[in-house]
Amino acid sequence: MKIAVAADHGAFELKEAVKKHLEEKGIEFTDYGCFSKESVDYPRYAYLAASAVAEKECDFGIICCTTGLGVSMAANKVKGIRAAVCTNEMLAEMTRRHNNANVICMGQNVVSQELAFRMIDIFLSTDFEGGRHQRRINLLTDIENGKKLTV
Ligand code: RB5
């Protein structure tokens, strides 16, 4: 398993801690920046990591900013990406089981490092349930492809 990791300056410290956590778990990752606390624009870094997942260079993405919100918006604009902002363990589990999320987003000012590590462990070890949820994922793809949905 290979993980794409990225953050803006607002979550540089969380990203560094996440990298250490992944190293301790023996999980391979690529760091797509940023590389200091100097102010940067989060869409660039979210785009790089999300694109690595969309292009199957990485299996999952962990992308962070101050809130988790901006990077999730940016990541979700990359075709094939289902990014979820998570703030507790249940969300990290359910977004894998039901949404087949391939990117988890977190905010450095929202979650503790310990909670971030627990959410990452759950996210990376929980399988998609498929079944009726696959039908709904297919509808997300339809939206992505500009198809007009009806009810
Ligand atoms: C940066 O100041 C901040 O806006 C960014 O980290 C992120 O939280 C945006 O959604």
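Residues numbered from 1 in each chain as written. Predicted model: local features only at pLDDT ≥ 70, side-chain atom pairs only at ≥ 80, totals over all residues. Heavy atoms only, no water.

Remarks on unusual backbone geometry
A cis amide bond, omega 0°, links Gly-33 with the succeeding residue Cys-34. If you trace the backbone, Cys-34 turns up in the loop between strand E2 (28-31) and helix H2 (42-54). Phi angles above zero are rare outside glycine, and Lys-56 is one such case at about 65°. The topology assignment puts Lys-56 in the loop between H2 and strand E3 (60-65). Accessibility expressed as a relative area gives 75% for Lys-56, which makes it exposed. (Helix = DSSP H or I, 4+ residues; strand = E, 2+ residues; numbered from the N terminus. Buried < 20%, exposed > 50% of the residue type's maximum accessible area, 1.4 Å probe, protein only.)

Comments concerning the packing of helix H1 (residues 12-25) against helix H5 (residues 113-125)
The geometry of H1 relative to H5 is characterised by a closest axis approach of 10 Å and an angle of 50° between their N-to-C directions. Classified by the angle between their axes, H1 and H5 sit oblique to one another. Considering the relative orientation of H1 and H5, their crossing is right-handed. In this structure, H1 uses Glu-13, Leu-14, Ala-17, Val-18, His-21, Leu-22 and Lys-25 to contact H5, whose residues at the interface are Gln-113, Ala-116, Phe-117, Ile-120, Asp-121 and Leu-124. (Axes fitted to C-alpha atoms, helices over the stretch in contact; angles between N-to-C directions. Parallel < 35°, antiparallel > 145°, perpendicular 65-115°, else oblique. Left-handed = near helix turned anticlockwise from the far one by under 90°. Contact = heavy atoms within 4.5 Å.)

Details of the side chain of Asn-102
One can find Asn-102 in the loop between helix H4 (89-97) and strand E5 (103-107). In this structure Asn-102 comes out as buried when scored by relative accessible area, which is 10%. Leaving out residues up to four positions away in the same chain, Asn-102 has contacts with Val-53, Asp-59, Phe-60, Gly-61, Gly-80, Ile-81, Arg-82, Ala-83 and Phe-123.

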